[in-house]
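Given next are the chains, with one letter for each unit.
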Amino acid sequence: QVQLVESGGGLVQAGGSLRLSCLGSGRNLSDHVMGWFRQGRGREREFVAGINNRNGGNTKHADSVKGRFTISRDNIKNTVYLQMNSLKAEDTAVYYCAANADWGHVPITKYGYAYWGQGTQVTVSS
C-alpha cells in the first residue's frame, strides 16, 4: 500500500553531517507514524527515531543518537527526514524508513511498523 524510498546516504567523515530523506507514495504519509531504523553488519535492526502523525508530530530518538539526529516530516512533500550531525563511526549502517497506520504513539521496535523502504547505506569514516 505504502511505498517508501530512502535517499541521502553515502560516505562521510566522522564529525560530518548527512540528511536522509524518505519519499512516500501510494498513501499519504500524514496518516502514518514514521520511523527510522538502522542495521549494522551482523547486528539487529534497531530503532533510531520516530515521529507521530498527530498535529505537530511528537518525536522519539534513541539514546545513542539523541542530540545528534533529528527526525522531521513535510506532509506537503510526503517526505520524512533524518538530519544526522556529529556522525560517528558507530553510526555506520543501512538506514531504513518505516511507516505504520497506527496513530497515538511512536513504536520503538521494528514490529511496530508495517511498511519499509529498501534502505540507504551510511558509512562514517574515522
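It should be noted that the structure appears before, not after, this text.
Basis of the calculations
By convention here, each chain's residues receive numbers from 1 onward along its written sequence. Two thresholds apply to this predicted model, a pLDDT of at least 70 for residue-level local features and 80 or more for giving and counting side-chain atom pairs, whereas whole-chain, interface and lining totals are computed over all residues. As a convention, hydrogens and water are excluded, and side-chain values are obtained from all of the structure's heavy atoms. Each residue gets one of three labels from its accessible area relative to the maximum for its type: buried under 20%, exposed over 50%, partly exposed in between, using a 1.4 Å probe on protein chains only. The numbering of helices and of strands both runs from the N terminus, where a helix is a DSSP run of H or I of at least 4 residues and a strand a run of E of at least 2. A pair of strands is labelled paired if DSSP reports no fewer than 2 bridges between them. To get an axis, fit a line to the C-alpha atoms, keeping to the stretch in contact for a helix; angles then go from 0 to 180 degrees between the N-to-C directions. Between 30 and 60 degrees the pair is tilted, below 30 it is stacked and above 60 it is edge-to-face, where a pair is any two Phe, Tyr or Trp rings, Trp via its six-membered ring, whose centres lie within 6.5 Å. Two limits define a charge over a ring: the Lys NZ or Arg CZ must be within 6 Å of the ring centre, and within 35 degrees of the ring normal. Two cysteine sulfurs form what is called a disulfide whenever their separation falls within 2.5 Å.

**Q** What's the story with the pairing of strand β11 (residues 120-125) in this structure? I'm lost.
**A** Strand residues, when the strand is regular, have side chains that alternate between the two faces of the sheet. By the alternation rule, side chains of β11 split into Thr120, Val122 and Val124, which are all buried, and Gln121, Thr123 and Ser125, of which none is buried. Relative to β11, strand β9 (residues 93-100) runs antiparallel, the two being bridged by three bridges. Bridge pairing links valine 94 to glutamine 121 in β11.

**Q** Sorry, what's going on with the sheet that holds strand β3 (residues 18-25) here?
**A** Adjacent strands of a sheet pair through backbone hydrogen bonds, lying either parallel or antiparallel. Strand order in this open sheet of four strands is β1-β3-β8-β7, and the pairing throughout is antiparallel. Because the sheet does not close on itself, it has two edges, and the strands there are β1 (3-7) and β7 (69-74). Along the sheet, successive strands turn relative to each other by an average axial angle of 15 degrees, direction set aside. The pairing of β3 with strand β8 (residues 79-84) spans six bridges and is antiparallel.

**Q** What is the right way to read the packing of aromatic side chains from this model?
**A** Aromatic ring pairs: the centre-centre distance and the angle between the two ring planes describe each pair. Tallying each qualifying case throughout the model produces four aromatic pairs. Each ring, one from phenylalanine 37 and one from tyrosine 113, has its centre 5.3 Å from the other, and the planes form 75 degrees; the classification is edge-to-face. Placement of phenylalanine 37 in strand β4 (residues 33-39) and of tyrosine 113 in the loop between β9 and β10 (115-116) is noted, with a sequence separation of 76 residues between them. These aromatic residues form a ring-pair network of at least three members: Phe37, Phe47, Tyr113 and Trp116. The ring of tyrosine 96 carries the charged tip of arginine 45 above its face, separated from the ring centre by 3.7 Å. Positioned above the aromatic ring of tryptophan 116, the side-chain terminus of arginine 45 is 5.0 Å from the ring centre.

**Q** Would you take a moment to explain the state of the cysteines for this structure?
**A** Inspection of every chain in the model, using the stated rule, returns one disulfide. Note that cysteine 22 is cross-linked by a disulfide to cysteine 97, the S-S spacing being 2.0 Å. Since a negative S-S torsion denotes a left-handed disulfide, the cysteine 22-cysteine 97 link at about -80 degrees is left-handed. Separated by 75 residues along the polypeptide, cysteine 22 in strand β3 and cysteine 97 in strand β9 bring together distant segments of the chain. Neither residue differs from the other here; cysteine 22 and cysteine 97 are each classed as buried.

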